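The lines below spell out each chain.
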Amino acid sequence: MSPLTIGILLFVATSLGIATWKAPRLTSILIWALVAAILFGAVLLLTLPFEFRSLALWLSLAVPLIWLGFQFMCYWDKKGWRVATGLISISIISGVIVAMVPPPV
Amino acid sequence: MDRARHLRNYDLHSWTGITLGLIVYIVALTGTFALFDNEIKTWEDPTLRVAIADETPPINDVFSNWVEETSAGGMELEFVRLNFPTTYTPYFRGFIQYHDENDKHVNANQKWHALTGEPLAERGNGLSYWTLNIHRDFMWPSFLGGRQIGRWLVGIIGVVLLLAILSGVIAHTKIREEAYSMRLKRSQRLKWQDSHKVVGLWGLPFYTMIAFTGAFLGVIGLVSQLTAAIAFKGDIDTLIGAVLGPEVERTGVKVQMLTADEIAQMRHPESNAAPRSYVVRNYGDETSEIDIFYAPDTELSSVEIISVNGATGAPITDDPFKEQPLAGHFVNAMSPLHYGTYGGIWLKLLYFILGLSLSVITALGSMMWIERRKHGNEGSKSEAFYNRLGYFNTGVIMGLPVAAISIFYLDKLYFGAEAGRLAATGSVYLGVWVIGLVYAFMRRNDYSTTRELLILTGALAMGIPVLNGVTTGDWFIAHLSADHSAAAWVDLGMLLCGVLTVAAGYLAPSERKTKRRPSTKIATSPEAAAIPAE
């Protein structure tokens, strides 16, 4: 990875961290909800024990709803920090599972 | 629900509405026009106003010669497609994709007359293309990433609309009372508020469906494919193979393909429907397959496909990837559900009314938001700021229908090259819209602007039948019961909508009845200020 790429990634990560710290609900609804929905959807695709093609089609219907659910929770939960940490945790755990589990075919 | 949560939920509803409400309005209003894409196609191009024969006339010689000549031998053909004439597309249309000598993908297409097989000149994309695609992808320019970006944005708007609906339903704790509450003799703001709630509640199932199907059609290319690509760690080829089945490689053994005329005779075994189109893969090779597309047996589906061997015509039954899983039926139902293509013209008219009501709700929502801050106790900015916001809001909302109608006039009065028709259509559409915006700022009275632009929209719509009659000679009264009556019904629909719009404009107030703004800008606390005035 080139120093420029590392620099850009560090800049993005720092900006996201500051934004999450300053406005946890807003950053969560704009960014973390989508990241968590995509990664969580990937985990469902990898782990649910159904025929792959059907599962992929069902998830294509479900992922937008999962995204909506995460967005809604951003302003439902009483604690803003809990929303952000919850979505970041889902993203990280999902990312780890995706990295560990091989593709189904 | 506790008060703090109610306030947060109300804020979510309010801010999703005000930040993206205008874009939702644009998508909803353009969607009401996009519903009639096929009818508008017939209106814009008089050569489409023809009745087609029950039996498809021979086309194979013309089509196969074109394929051979265009692809210089046709051995590197990616795919070949032929559309048969239908009511709204009364001509044959061929498409091919092939590799040229530099191994680049090249696309080509050609139209032929439905009865004589003579090649037809291409009419440049214009009115119907713009009307449909401004709804689907905002005609997003290539220098900003291209049309796919626009499609994703429209999909995200669908998700935002779903979020606004969900938070709106939860924000309204007295749904049953509010569904019947219309205080028409109270203030303007209460009338808007009651209309927003009543129409929103009664149309809730439709709005939820249209938002979900729109979100699906828009973001499936982004979210779902990204999800799957992450699961496959970027190996897109394996992913496509897992969903669509492995790609069959050519063997190089040439075979005589089924002819287009033979395929035209291959009726659906259950519905007896004639083919609408077919696609050939591995054209000319012994591994060739033909997907034949039929009108769906159940209307809540985009299409029904039967796959056959390209040489023998024998159905391919041993491929599990040709079978439609249950989820596939749901996915296939999204487009017909969204565009109302499963129930005839009356269903489309119902969609039109409900779609229009969604535009009205979103417009009322943003108007109320500004009104509360301008004349209520929620505003923290100056009156001049809210005035300018109001002019902008009114200009965008009322300029759009004028722009949408104006391109009907451009279509019939355009005299430039066909290649420039789309650019001219877009320029007029956006230009008229901007003029509407400038007019709102010059007029400096949201009520008068709304009234005058409504009347202008209605008058322009009423002129459309005259425009069509004068320029094409097809006066709608003479064609309402003809075999190709779609254009006549567009004329009649525009006339009726024009009359109703002029009447609505005539009845609309030209100024606000009471002008009051408290000297103290903010109420006692931000939380109290955020509570909606009931």
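Just so it is clear, the structure is predicted and the values come from calculations on it, not from any experiment. Along each chain, numbering runs from 1 in the same order as the chain's sequence is written. Both sets of labels track the order of writing: A upward for chains, 1 upward for ligands. Reporting in this predicted model follows two pLDDT cut-offs: at least 70 for local features of residues, and 80 or more for side-chain atom pairs to be given and counted; totals over whole chains, interfaces and linings ignore these cut-offs and use all residues. Remark: hydrogens and water are excluded; side-chain values derive from all non-hydrogen atoms of the structure.

(A) Fine view of the overall build of chain B. A helix here means a DSSP run of H or I that spans at least four residues, while a strand means a run of E at least two residues long, and both kinds are numbered starting from the N terminus. A count of helices and strands for chain B gives 17 helices and seven strands. Computed over C-alpha atoms, the radius of gyration of chain B comes to 27 Å, within 12% of the 24 Å expected from 2.2 N^0.38 for 534 residues, which places it in the range of a compact globule. Here the C-alpha coordinates of chain B stretch approximately 85 × 60 × 45 Å along the principal axes. Among the 534 residues that make up chain B, the fraction classed as buried is 49%. Two residues qualify as a contact provided that any one of their heavy atoms is within 4.5 Å of a heavy atom in the partner residue. Long-range contacts, defined here as pairs at least 24 residues apart, represent 67% of the contacts in chain B between residues at least 6 apart. For chain B, the computed accessible surface area is about 26,000 Å², with 61% contributed by carbon and sulfur atoms. Across chain B, the centroid of the 45 positively charged side chains sits 20 Å from that of the 52 negatively charged ones. In this setup the radius of gyration rests on C-alpha atoms only. A globule is expected at 2.2 Å times the number of residues raised to 0.38. The buried label goes to any residue with under 20% of its type's maximum accessible area, the exposed label to any with over 50%, and the partly exposed label to all in between, with areas taken from a 1.4 Å probe on protein chains only. All accessible areas in this document rest on Shrake-Rupley with a 1.4 Å probe, and a residue is counted as covered only by the protein chains that are shown. Note on charges: Lys and Arg go in the positive column, Asp and Glu in the negative column, and His and the chain ends are not counted at all. A single reference atom marks each charge: NZ on Lys, CZ on Arg, CG on Asp, CD on Glu.

(B) Representation of the pairing of strand S6 (residues 289-294) of chain B in the model. Residue and element names in this part refer to chain B. The buried fraction of S6 is high, at six of six residues. In this structure, strand S5 (residues 275-281) lies alongside S6, joined through six bridges in antiparallel fashion. In the strand pairing of S6, Arg281 is matched with Glu289. Whether two strands pair depends on DSSP finding at least two bridges between them. Bridge count between S6 and strand S7 (residues 304-309): six bridges; the pairing is antiparallel. Paired with Tyr294 across the strands is Glu304, a residue of S7.

(C) Examining the pairing of strand S1 (residues 77-83) of chain B more closely. Residue and element names in this part refer to chain B. Where S1 meets strand S2 (residues 91-99), six bridges bridge the pair, whose relative direction is antiparallel. Bridging across to S2, Leu82 finds its partner in Gly94. Note that S1 and S5 share five bridges and pair antiparallel. Within S5, the residue paired with Phe79 across the bridge is Arg281.

(D) Quick look at the confidence of the model for chain B. All names here are of chain B. When pLDDT is averaged along chain B, the result is 86, and 94% of the positions lie at 70 or above. The weakest mean pLDDT in chain B belongs to helix H17 (residues 526-530) at 44; the strongest belongs to helix H14 (residues 421-443) at 96. Residue-level confidence of the predictor is what pLDDT reports, using numbers from 0 through 100. Considering only residues more than four positions removed or in separate chains, one finds that residues 519-534, a stretch of pLDDT under 50, has 31 contacts. Per the prediction output, this complex has pTM 0.85; the corresponding ipTM is 0.89.

(E) Looking closely at the side chain of B:Ser359. Residue and element names in this part refer to chain B. In this structure, Ser359 sits in helix H12 (residues 344-375). At 3.1 Å, the side chain of Ser359 and the backbone oxygen of Gly355 are in polar contact. Every residue in contact with Ser359, bar those within four places of it in the chain, is listed here: Tyr25, Ala28 and Leu29. Under the rule applied, a polar contact is a pair of N or O atoms within 3.5 Å (in protein, one hydrogen donor and one hydrogen acceptor; residues adjacent in sequence only if both atoms are side-chain atoms).

(F) Broad picture of the packing of aromatic side chains. Residue and element names in this part refer to chain B. A pair of Phe, Tyr and Trp rings is counted when the ring centres sit within 6.5 Å of each other, with Trp represented by its six-membered ring. The angle between the planes then sorts it: under 30 degrees is stacked, over 60 is edge-to-face, the rest tilted. If you walk through the whole model with that rule in mind, you get 19 aromatic pairs over all chains. Look at Trp130 and Tyr429: their rings are 5.4 Å apart centre to centre, the planes differ by 55°, and that puts the pair in the tilted class. Of this pair, Trp130 sits in helix H4 (residues 127-137) while Tyr429 sits in helix H14; the two residues are 299 residues apart in sequence, bridging distant segments of the chain. Here Phe385 and Tyr386 contribute two aromatic rings whose centre-to-centre distance is 5.3 Å and whose plane-to-plane angle is 80°, an arrangement assigned as edge-to-face.

(G) Here's a closer look at the packing of helix H13 (residues 383-413) of chain B against H14(B). Residue and element names in this part refer to chain B. Every axis in this analysis is a line fitted to C-alpha atoms, fitted for helices over the stretch in contact. Angles between the N-to-C directions lie between 0 and 180 degrees. Between H13 and H14, the least distance of the axes is 6 Å, while the angle of their chain directions is 145°. Handedness of the H13/H14 crossing: right-handed. Each residue gets one label: Ala, Val, Leu, Ile, Met, Phe, Trp, Tyr, Cys and Pro are nonpolar, Asp, Glu, Lys and Arg are charged, and the others, such as Gly, are polar. Grouping the amino acids of the contact of H13 with H14 by side-chain chemistry returns 17 nonpolar, five polar and three charged. For any pair of crossing helices, the crossing counts as left-handed if the nearer helix is rotated counterclockwise from the farther one by less than a right angle, and right-handed if it is rotated clockwise.

(H) A look at the interface of chain A and chain B. Listed by partner, the interface residues are 35 residues for chain A and 40 residues for chain B. Buried area counts how much accessible surface, traced with a 1.4 Å probe, disappears from two parts once they are put together, with both parts' losses summed. Note on chain A versus chain B: buried area summed over both sides is about 3,300 Å², and carbon and sulfur give 79% of it. Salt bridge, as used here, is a side-chain nitrogen of Lys or Arg placed within 4 Å of a carboxyl oxygen of Asp or Glu. In this assembly, chain A and chain B are joined by zero salt bridges. At the junction of chain A with chain B, the criterion picks out six residue pairs in polar contact (both at pLDDT 80 or more). Put simply, the parts of the chain that give the side of chain A that touches chain B at least two residues each are helix H2 (24-47), helix H3 (52-74) and helix H4 (80-100) of chain A. The element best represented in the side of chain A that touches chain B is H3(A), accounting for 15 residues.

(I) Broad picture of the environment of B:Trp140. All names here are of chain B. As for its position among the elements, Trp140 is in the loop between H4 and helix H5 (147-171). We classify Trp140 as partly exposed; its relative accessible area is 24%. The spacing of Trp140 and Arg151 is eleven residues in sequence and 8.2 Å in space, taken between C-alpha atoms. Not counting chain neighbours up to four residues away, the residues in contact with Trp140 comprise Gly146, Arg147, Ile149, Gly150 and Leu153. Side-chain polar atoms of Trp140 contact the backbone oxygen of Leu144, separated by 3.1 Å.

(J) Broad picture of the sheet that holds S1(B). Strand order in the open sheet formed by seven strands is S4-S3-S2-S1-S5-S6-S7 (chain B), with antiparallel pairing between adjacent strands. Only two strands of the sheet have a single neighbouring strand rather than two, namely strand S4 (119-120) and S7 of chain B.

(K) Seen up close, the pattern of salt bridges. Residue and element names in this part refer to chain B. Overall, the coordinates contain 14 salt bridges over all chains when judged by the stated rule. In this structure, the salt-bridge partner of Glu39 is Lys348, at a minimum N-O distance of 3.8 Å. With a gap of 309 residues between them, Glu39 in helix H2 (residues 37-44) and Lys348 in helix H12 connect regions that are remote in the sequence. Of the charged contacts in the structure, one is a salt bridge between Glu452 and Arg443, with a shortest N-O distance of 2.8 Å. Within the structure, one salt-bridge network assembled from shared partners comprises Glu44, Arg123, Asp411, Lys412, Glu418 and Arg421.

(L) Inspection of a negative patch on the surface at higher detail. Patch definition: residues with relative accessible area over 30% and no salt bridge; like charges joined within 9 Å; nonpolar side chains (Val, Leu, Ile, Met, Phe, Trp, Tyr) joined within 5 Å. On the surface, a cluster of negative charge is contributed by B:Glu76, B:Glu78, B:Asp103, B:Asp235, B:Asp237, B:Glu247 and B:Glu249. Among the structural elements, B:Glu249 can be located in the loop between helix H9 (236-244) and helix H10 (260-264).

(M) A look at empty space enclosed by the protein. Residues and elements named next belong to chain B. For cavity detection a 1 Å grid was placed over the protein atoms alone, and a set of points counts as a cavity when a 1.4 Å probe fits there but cannot get out; an open set counts as a pocket when protein lies on both sides within 12 Å along at least five of seven lines, with lining residues being those that have an atom within 4 Å of a point. Grid points are joined across faces, edges and corners, and a volume is the space filled by probe spheres set on the points. Taken as a whole and assessed by the stated rule, the structure comprises three cavities of 30 Å³ or more. Counted as a void, the largest cavity has a volume near 360 Å³. As for the largest cavity, its lining consists of 25 residues, of which Val27, Gly31, His135, Ile210 and His338 are closest to the centre. Secondary-structure elements contributing two or more residues to the lining of the largest cavity are helix H1 (3-34), H4, H5, helix H8 (204-231), helix H11 (326-339) and H12. Looking at the lining of the largest cavity residue by residue, the classes come out as 15 nonpolar, eight polar and two charged.

(N) Up close: the packing of helix H7 (residues 188-202) of chain B against H12(B). Residue and element names in this part refer to chain B. Close contact between H7 and H12 brings their axes to 9 Å; oriented N to C, the two are set at 145°. Read as a crossing pair, H7 and H12 show a hand that is left-handed. Across the interface between the two elements, Arg189, Trp192, Gln193, Ser195, His196, Val199 and Gly200 from H7 touch Ser357, Ile361, Leu364, Gly365, Met367, Met368, Glu371, Arg372 and His375 from H12. Among the residues forming the contact of H7 with H12, the class breakdown is six nonpolar, seven polar and three charged.

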